[in-house]
Amino acid sequence: MTGWSGGSYGERGECLLAPNPNLMTLDGTNTWVLREPGASQVVVVDPGPIQDGHLDRLVSELGDVGLVLLTHHHYDHAEVAHEFARAKGCAVRAVDPAYCLDGDPLRDGEDLSVDGLSVRVVTTPGHTADSVSFVLPADGALLTGDMVLGRGTTVVAHPDGQLGAYFSSIERMRSLVVSGEVRTLWPAHGPVLDDALGVLDLYLAHRRERLAQVERAVSELGLVLAADSAEDETLPRRMVEVVYADVDESLWGAAELSVRAQLAYLAAR
Ligand SMILES: [Zn+2]
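Here is a short report on the structure shown in this document. Each chain has its residues counted from 1, following the order in which its sequence is written. The predicted origin of the model limits local features to residues at a pLDDT of at least 70 and limits the giving and counting of side-chain atom pairs to 80 or more, whereas totals for whole chains, interfaces and linings rest on all residues. With hydrogens and water set aside, each side-chain value is computed from the structure's full complement of heavy atoms.

### Remarks on the coordination of the zinc ion
Donors, by definition, are the N, O and S atoms found within 2.8 Å of a metal, the threshold being 3.2 Å for Na, K and Ca, and water is not counted, so a site can look incomplete. Within the first shell, the zinc ion binds the protein through His 72 (NE2), His 74 (ND1), His 127 (NE2) and Asp 146 (OD), at distances of 2.2 to 2.3 Å. Donor angles set the geometry label: tetrahedral for four donors if every angle is between 85 and 135 degrees, square planar for four and octahedral for six if opposite donors exceed 155 degrees and the others are between 65 and 115, irregular for anything else. Coordination at the zinc ion is irregular: its 4 donor atoms span angles of 89 to 166 degrees at the metal. Summarised as a motif, the one-chain spacing of the donors to the zinc ion is H-x1-H-x52-H-x18-D. Each residue gets one of three labels from its accessible area relative to the maximum for its type: buried under 20%, exposed over 50%, partly exposed in between, using a 1.4 Å probe on protein chains only. Exposure remark for His 74: the relative accessible area of 22% places this residue in the partly exposed category.

Below, the structure is given as structure tokens:
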């Protein structure tokens, strides 16, 4: 599927697509603008990269901004956050204190309220240690950052990202869907996902399948994993060539990070 260009979702969400498409960012970074109907202030999630006037567009198109939130620290989400917040006179909040501006680090379970809009913080480490998701209860939506993408699967960015945390976080998202609180996923790259349960189950199945493939390759090569196998110079790349043979070679660098995360997970078991 191609042709995602953002737009309005639910009663409260609008996605302004950043002009930074590539193999990793898919169509580009989704900058989510959230607003309670009738309210004047908005919350901006992931102002994104400076690329090709995205910052200028945000500054000129968005009026009163109450708060900037970051789903994690990667530059394609966070690069312009401080400059944008300064231009709008508001705070930036993220899990990592280093990325906050005039605001406290986000805490798990925290309820944010901005001009009548309710947003709940759910920490979901895995893609990175500081990955966080946001529940928009009134729209039954979950903003997933890079933990779940609109197409394909995501990267567990070893050593910052960890596979054990990743599995727990996806399970946690799943329980929000099963309880009926979340119906739709709004990712940071690619289209919104209305089959939330189907997608999360696919993510779990895919990651377990890759893990089994890595485990099989380890035993076929007669390797005994040690605590530092994930940091080995050549082993992860050899694994990628076997396990990710079906994936375009331009993505092997990213795949190698996930393989390192898998090796660390297996070695720690
Ligand atoms: Zn990322």
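### Remarks on the sheet that holds strand S8 (residues 117-123)
When DSSP finds two or more bridges between two strands, those strands count as paired. By definition, any uninterrupted DSSP run of H or I lasting at least four residues is a helix, any uninterrupted run of E lasting at least two residues is a strand, and each is numbered from the N terminus. Reading across the sheet, the 5 strands line up as S7-S8-S9-S10-S11 and stay open at both edges, with mixed pairing between neighbours. A single partner strand is all that each edge strand has here, and the edge strands are strand S7 (111-114) and strand S11 (184-187). Ignoring strand direction, the axes of neighbouring strands in this sheet form an average angle of 30 degrees. Examined bridge by bridge, strand S10 (residues 141-145) and S11 share 4 bridges and lie parallel to one another. Its bridge partner lying in S11, Leu 143 is registered against Trp 186. Contact criterion: two residues are considered in contact whenever any of their non-hydrogen atoms come within 4.5 Å of each other. Here an angle of 0 to 180 degrees is reported between the N-to-C directions of two axes, which are lines fitted to C-alpha atoms, with helices fitted over the stretch in contact. Against the sheet, helix H4 (residues 163-178) makes contact with S8, strand S9 (132-136) and S10, and its axis sits at roughly 140 degrees relative to S8, the strand it touches most.

### What to know about the packing of aromatic side chains
Ring geometry is summarised as follows: Phe, Tyr and Trp rings, the Trp one being its six-membered ring, pair when their centres sit within 6.5 Å, and such pairs are stacked at plane angles under 30 degrees, edge-to-face over 60 and tilted between the two. All chains considered together, the criterion is met by 5 aromatic pairs. Consider the ring centre and the ring normal. A charge sits over the ring if Lys NZ or Arg CZ is within 6 Å of that centre and within 35 degrees of that normal. Sitting over the face of the ring of Tyr 166, Arg 207 holds its NZ or CZ atom 5.3 Å from the ring centroid. Positioned over the ring face of Tyr 244 is Arg 210, at 4.2 Å from the centre of the ring.

### Re the side chain of Asn 30
Relative to the helices and strands, Asn 30 resides in strand S3 (residues 30-34). Those residues in contact with Asn 30 that sit more than four places away from it in its chain are Trp 4, Cys 15, Leu 16, Leu 17, Val 45, Asp 46, Pro 187, Ala 188, His 189 and Gly 190.

### Focus on the sheet that holds strand S5 (residues 65-69)
If you walk across this open sheet you meet the 6 strands as S1-S2-S3-S4-S5-S6, and the pairing is mixed. Edge positions in the open sheet fall to strand S1 (7-9) and strand S6 (91-93), since each of these has one partner strand only. Between one strand axis and the next, the sheet turns by 25 degrees as a mean value, whatever way the strands run. Contacting strand S4 (42-45), S5 and S6, helix H3 (residues 81-88) runs over the sheet at an angle of about 170 degrees to S5.

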